[in-house]
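Read off the chains here:
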Amino acid sequence: MRITGYRSLTTVHDWGHPVGDANGVIADGLTEVPVLLVETDAGVTGVGLGPHPGVERVFPAVEGEDPRAVTALYDRMLAHVFKTGHTGSVFGAVGVLDMALWDLKAKAAGEPLWRTLGARDRFVPGYASCLEIAVPDEDLPALWAPWVERGFTAVKVKGGTDLDRDVARLRLAREVFGGAVMLDVNESWTRKQAVRHVARIEEELDLTWVEEPVRRWDAEGHAAVGRGVRASVATGENLTGLEQFRPLLAAGAVDVVQTGSCWGLTHFLRVATLAHAHDLPVSPVGYNAEPVAAAAAAVPNHLVTEVQDLVPPLGVGVDHLIADGGVVLGDAPGNGLTVDEDLIRRTRDSGRWAAPAGPHVRPADAGLRLTAAPRSVPRPAPLLAL
């Protein structure tokens, strides 16, 4: 089996409610989902999900190769972009290609990916995470009800811009789910704000973890937050490569090591091993049909996976069930993803994930607020020349 080419297309995901975080909101809840299809001379196609700009730079590293050599090809892709670097969008392209290669490897073996990766159990424990920061408080019980019906007892709440609102919503989340509650502020606080605000929250309830309380690379800051609060500190979803995790681990700055599902399986497996060497749990972030769940089932230190929605993107079929508070992986060969290209091409909708007001654009005042709630400050009148 040899890799001969690839096709790229984009579908959409309708969340059914506004989605976002402290950095911005997509009001109509419609986001784009890039799909990568890797072709082989055996007529078998591998599927990867997630942003992959720059794939044309990375693909020559795997073209003509046997996809079953996945981990070697992963390193070959990193080596291929050695001079310009593998961070950012290029790391996304590497990760999505990696997903497709693992899919091909498992299909060639005629078994589900979780079996190929050595997992014993098909069940992956999860927590609910609806990116619900713009959903009104009174609508949250209805939004969360289907998750509770499927056995979820843990939930992550988006916040960081209004402390009183965060306390109220976390209290409501505890009432609805009855178990663990987490708060994700998406790098919107300073170190002192993080300690002060989490301490205030912990007067009301136990917080399982606070996620990305300060900037992703701030090892000393994460360590300071960890010393100042009872909750665990979780971070790592935006780090691209083991070299970016090492300072955090060396500083004892992280309690729950996270990886972005969009960065692929090999990255997750290597981060999980690094975390395991430090006796730390690992938790993949952003699961919505991405095959990283199969890898999560195979590592000894997997804690819990972030599950963001109960339905997959348009035109994407996935061989799993979301039940019993997690993901139940199926028996279809490969990663279980199927793609209806005709349906996707007929769709006229387009997503807003990359919109300027969306959740991937950091506000100018992030980390610069003296209070958690943003306030309108009148600007001084300009001086008049006499």
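Quick caveat: nothing in here was measured; it's all calculated off a predicted structure.

### Some thoughts on the overall build of the protein chain
Then step 1. Of regular secondary structure, the protein chain possesses 12 helices and 17 strands.
Then step 2. For 386 residues, the compact-globule estimate of 2.2 N^0.38 gives 21 Å, and the C-alpha radius of gyration of the protein chain, at 21 Å, lies within 12% of that figure.
Then step 3. Dimensions of the protein chain along its principal axes, counting C-alpha atoms only, are 70 × 60 × 45 Å.
Then step 4. For the protein chain, the proportion of its 386 residues judged to be buried stands at 54%.
Then step 5. The long-range share in the protein chain, meaning contacts at least 24 apart out of those at least 6 apart in sequence, stands at 71%.
Then step 6. Roughly 16400 Å² of accessible area belongs to the protein chain as shown, and the carbon and sulfur atoms make up 53% of that amount.
Then step 7. A distance of 4 Å separates the average location of the 36 positive side-chain charges in the protein chain from that of its 49 negative side-chain charges.

### Side note on the domain arrangement of the protein chain
Then step 1. You can read the domains of the protein chain as domain 1 (3-111) and domain 2 (115-346).
Then step 2. Taken together, the contacts link 41 residues of domain 1 with 48 residues of domain 2.
Then step 3. Taken together, both faces of the contact between domain 1 and domain 2 bury some 3500 Å²; the carbon and sulfur share is 65%.
Then step 4. Residues Asp 75 and Arg 270 are paired through a salt bridge, measuring 2.8 Å at the closest nitrogen-oxygen approach.
Then step 5. The interface formed by domain 1 and domain 2 holds 17 residue pairs in polar contact (both at pLDDT 80 or more) in total.
Then step 6. Elements that contribute at least two residues to the side of domain 1 that touches domain 2 include exactly strand E1 (3-14), strand E2 (19-21), strand E4 (30-40), strand E5 (45-49), helix H2 (70-80) and helix H3 (89-109).
Then step 7. Looking at the side of domain 1 that touches domain 2, the element that brings in the most residues is H3, giving 11 residues.
Then step 8. The residue makeup of the side of domain 1 that touches domain 2, split by class, is 19 nonpolar, 13 polar and nine charged.

### Regarding the UniProt feature "domain: Mandelate racemase/muconate lactonizing enzyme C-terminal" (unreviewed entry) in the protein chain
Then step 1. According to UniProt, the "domain: Mandelate racemase/muconate lactonizing enzyme C-terminal" (unreviewed entry) feature falls on residues 137-232.
Then step 2. Annotated as 48% helix and 12% strand, the span residues 137-232 places its first and last C-alpha atoms 25 Å apart.

### Observations concerning the environment of Arg 191
Then step 1. The residue Arg 191 is located in helix H7 (residues 191-201) in this model.
Then step 2. Considered as a pair, Arg 191 and Gly 228 are 37 residues apart in the sequence and their alpha carbons are 9.6 Å apart.
Then step 3. Contact partners of Arg 191, with chain neighbours within four places excluded, come to Val 214, Asp 218, Glu 220, Gly 221 and Val 225.

### Let's talk about the sheet that holds E4
Then step 1. Pairing is antiparallel across the open sheet formed by three strands, whose spatial order is E1-E4-E5. Because the sheet does not close on itself, it has two edges, and the strands there are E1 and E5. Within the sheet, the average angular offset between the axes of one strand and its neighbour, ignoring direction, is 20 degrees.
Then step 2. Two elements, E4 and E5, share five bridges in a ladder whose sense is antiparallel. Looking at E5, one finds that Val 38 is bridged to Gly 46.
Then step 3. Lying on the sheet, H3 is in contact with E1, E4 and E5; it crosses E5 at an angle near 145 degrees.

### Structural notes on the environment of Pro 18
Then step 1. Structurally, Pro 18 can be placed in the loop between E1 and E2.
Then step 2. Expressed as a C-alpha distance, the spacing of Pro 18 and Glu 132, which sit 114 residues apart in the sequence, is 6.8 Å.
Then step 3. Excluding anything up to four places from it in sequence, Pro 18 contacts Val 25, Ile 26, Ala 27, Gly 29, Leu 131, Glu 132, Ala 134 and Val 135.

### Re the packing of H3 against helix H10 (residues 265-277)
Then step 1. Contact geometry of H3 with H10 gives a least axis separation of 7 Å together with a crossing angle of 100 degrees. What the angle tells us is that H3 and H10 run roughly perpendicular. When H3 is examined against H10, the residues Phe 91, Asp 98, Met 99 and Trp 102 are found in contact with a partner set consisting of Leu 265, Thr 266, His 267 and Leu 269.
Then step 2. Across the contact of H3 with H10, the residue classes tally to five nonpolar, two polar and one charged.

### Observations concerning the layout of surface pockets
Then step 1. Reported here for the largest pocket is a volume of approximately 1200 Å³.
Then step 2. Counting residues per element, the lining of the largest pocket draws most heavily on E4, which supplies four residues.
Then step 3. In terms of residue class, the lining of the largest pocket is built from 14 nonpolar, 18 polar and 14 charged.
Then step 4. In terms of domain composition, the lining of the largest pocket takes at least three residues from each of domain 1 (3-111) and domain 2 (115-346).

### Focus on empty space enclosed by the protein
Then step 1. Applying the stated criterion to the full structure yields two cavities of 30 Å³ or more.
Then step 2. Its boundaries defined by the atoms lining it, the largest cavity holds a volume of some 130 Å³.
Then step 3. Along the wall of the largest cavity there are 18 residues; nearest its centre are Ala 294, Asp 319, Leu 329, Asn 335 and Gly 336.
Then step 4. For the lining of the largest cavity, the secondary-structure elements that each account for two or more residues are helix H4 (113-116) and helix H11 (292-296).

Analysis parameters
- Residues numbered from 1 in each chain as written.
- Predicted model: local features only at pLDDT ≥ 70, side-chain atom pairs only at ≥ 80, totals over all residues.
- Heavy atoms only, no water.
- Helix = DSSP H or I, 4+ residues; strand = E, 2+ residues; numbered from the N terminus.
- Rg over C-alpha atoms; globule rule 2.2 N^0.38 Å.
- Buried < 20%, exposed > 50% of the residue type's maximum accessible area, 1.4 Å probe, protein only.
- Contact = heavy atoms within 4.5 Å.
- Areas by Shrake-Rupley, 256 points an atom, 1.4 Å probe, with all protein chains shown as cover.
- Lys, Arg positive; Asp, Glu negative; His and termini not counted.
- Charge placed at Lys NZ, Arg CZ, Asp CG, Glu CD.
- Domains from an automatic or database assignment.
- Buried area = accessible area lost by both parts, 1.4 Å probe.
- Salt bridge = Lys/Arg side-chain N within 4 Å of Asp/Glu carboxyl O.
- Polar contact = N/O pair within 3.5 Å; in protein donor to acceptor, adjacent residues only side chain to side chain.
- Nonpolar A, V, L, I, M, F, W, Y, C, P; charged D, E, K, R; others polar.
- UniProt positions renumbered as here; feature names shortened; annotations may be inferred.
- Pairing = 2+ DSSP bridges.
- Axes fitted to C-alpha atoms, helices over the stretch in contact; angles between N-to-C directions.
- Parallel < 35°, antiparallel > 145°, perpendicular 65-115°, else oblique.
- 1 Å grid on protein atoms, 1.4 Å probe; cavity = no way out; pocket = protein on both sides within 12 Å on 5 of 7 lines; lining within 4 Å.
- Points joined across faces, edges and corners; volume = space filled by probe spheres on them.

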